[in-house]
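Listed here are the chains, written in short residue letters.
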Amino acid sequence: MTAPEPARVPPVLDLRDVTKVYGTGETAVHALRGVSLTVERGDHVAIMGASGSGKSTLMNIIGCLDVPSAGRYLLDGVDVVGLGERDLATLRNRRIGFVFQSFNLIPRMTAQANVELPLAYGGLRGADRRRRALAALREVGLADRTRHEPSELSGGQQQRVAVARALVTAPTLLLADEPTGALDSASTADVLGVFDRLGRAGRTIVVITHEDDVAAHAKRIVRLVDGRIVEDVRREAVWCPLAAPAATRPHAAPPAPGEAG
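Rules behind the numbers
- Residues numbered from 1 in each chain as written.
- Predicted model: local features only at pLDDT ≥ 70, side-chain atom pairs only at ≥ 80, totals over all residues.
- Heavy atoms only, no water.
- Helix = DSSP H or I, 4+ residues; strand = E, 2+ residues; numbered from the N terminus.
- Buried < 20%, exposed > 50% of the residue type's maximum accessible area, 1.4 Å probe, protein only.
- Phe/Tyr/Trp six-rings, centres within 6.5 Å; stacked < 30°, edge-to-face > 60°.
- Core = buried A, V, L, I, M, F, W, Y, C linked by side-chain atoms within 4.5 Å.
- Contact = heavy atoms within 4.5 Å.
- Axes fitted to C-alpha atoms, helices over the stretch in contact; angles between N-to-C directions.
- Parallel < 35°, antiparallel > 145°, perpendicular 65-115°, else oblique.
- Left-handed = near helix turned anticlockwise from the far one by under 90°.
- Nonpolar A, V, L, I, M, F, W, Y, C, P; charged D, E, K, R; others polar.
- Salt bridge = Lys/Arg side-chain N within 4 Å of Asp/Glu carboxyl O.

Caption draft 1: How the structure looks around the environment of V78. In this fold, V78 is placed in strand 5 (residues 78–79). Residue V78 is classed as partly exposed on the basis of its relative accessible area of 26%. As for V78 and L13, which are separated by 65 residues in sequence, their C-alpha atoms are 9.5 Å apart.

Structure below.
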């Protein structure tokens, strides 16, 4: 008698022919036009595109901040389409850790208190909150800055606190929107180094960016044009300062005629 095969772990993201239309009739805006995208656990994906390409709309749908007009979206095996606002909020809070360009830290609170906030909202008691917050700050290299307020930290350190806050709930997905957009080059390198380490540790990361040097740290680059995926390439190795980017190979369908650019 053969042993049963283990149940397949669902991908973190599974979007199938997703569309998003704003408005109706002649004024309708087709922000996404049949996007299909699968992201497995442990992947590090950069989603790129110019203004108006649909990348912000796609981020909002991935982050359960908006819902598709049509198509199907499963987040960690949960079908998002059709969920009400309360269920979407619960799914978002439990499965996704957000990192935004503007940090969104509370000015009069220490780094540790900022990181503890999501756990406090979730009702976790004080000792457990502190333990998990300190572990998250160690993970981003800020164990020596736990008592500092945001005004006492550099921009890069503030963003690393924001990353720790995103990690502290143990989310399935780390979703970052232009995470280095407000940083200088040195701070950008520090934050991207954190993402590199998290990726090597098996975290699932999706970064929305228009910066080539940010995308160069991802294992995979997805490019949008006019609401469609026109390129999806898997990198052989993640960029590091000592080596040029490795060669890439096609991962999905090539651009449709007239859509690349």
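From this point, the narrative continues.
Caption draft 2: Fine view of the packing of aromatic side chains. Here the structure, examined in full by the defined rule, presents one aromatic pair. Plain terms: the ring middles of F98 and F100 are 5.6 Å apart, the flat faces sit at 5 degrees to each other, and that makes the pair stacked.

Caption draft 3: How the structure looks around the nonpolar core. Residues V115, V161, V163 and L174 are the most contacted members of the largest nonpolar core, which totals 30 residues. Elements with a minimum of two residues in this core: helix 3 (111–121), helix 4 (126–139), helix 5 (155–167), strand 7 (173–177), helix 6 (185–200) and strand 8 (205–209). Per element, the largest residue contribution to this core is six residues, and it comes from helix 5. Ignoring any residue separated from it by four or fewer positions in sequence, one finds V161 in contact with L105, A111, N114, V115, L137, L142 and L153. Judged by nonpolar contacts, the second largest core, of 28 residues, contains I47, M59, I61 and I96.

Caption draft 4: Representation of the packing of helix 3 against helix 5. Where helix 3 contacts helix 5, the two axes come as close as 8 Å, and the packing angle between them is 30 degrees. With respect to each other, helix 3 and helix 5 are oriented roughly parallel. In this structure, the crossing between helix 3 and helix 5 has a hand that is right-handed. Along its contact with helix 3, which presents A111, N114, V115 and P118, the element helix 5 presents V161, A164 and R165. Across the contact of helix 3 with helix 5, the residue classes break down as five nonpolar, one polar and one charged.

Caption draft 5: Broad picture of the pattern of salt bridges. Throughout the structure, instances matching the rule amount to 14 salt bridges. Two residues, D43 and R220, come together in a salt bridge whose shortest N-O distance is 3.4 Å. Here R220 lies in strand 9 (residues 220–225) and D43 lies in the loop between strand 2 (29–39) and strand 3 (44–48), a separation of 177 residues in the sequence. Residue D43 is classed as buried on the basis of its relative accessible area, which comes to 6%. Assessed through its relative accessible area of 3%, R220 is described here as buried. When salt bridges with common partners are traced through the structure, they connect D43, R220, D232 and R234 into a single cluster.

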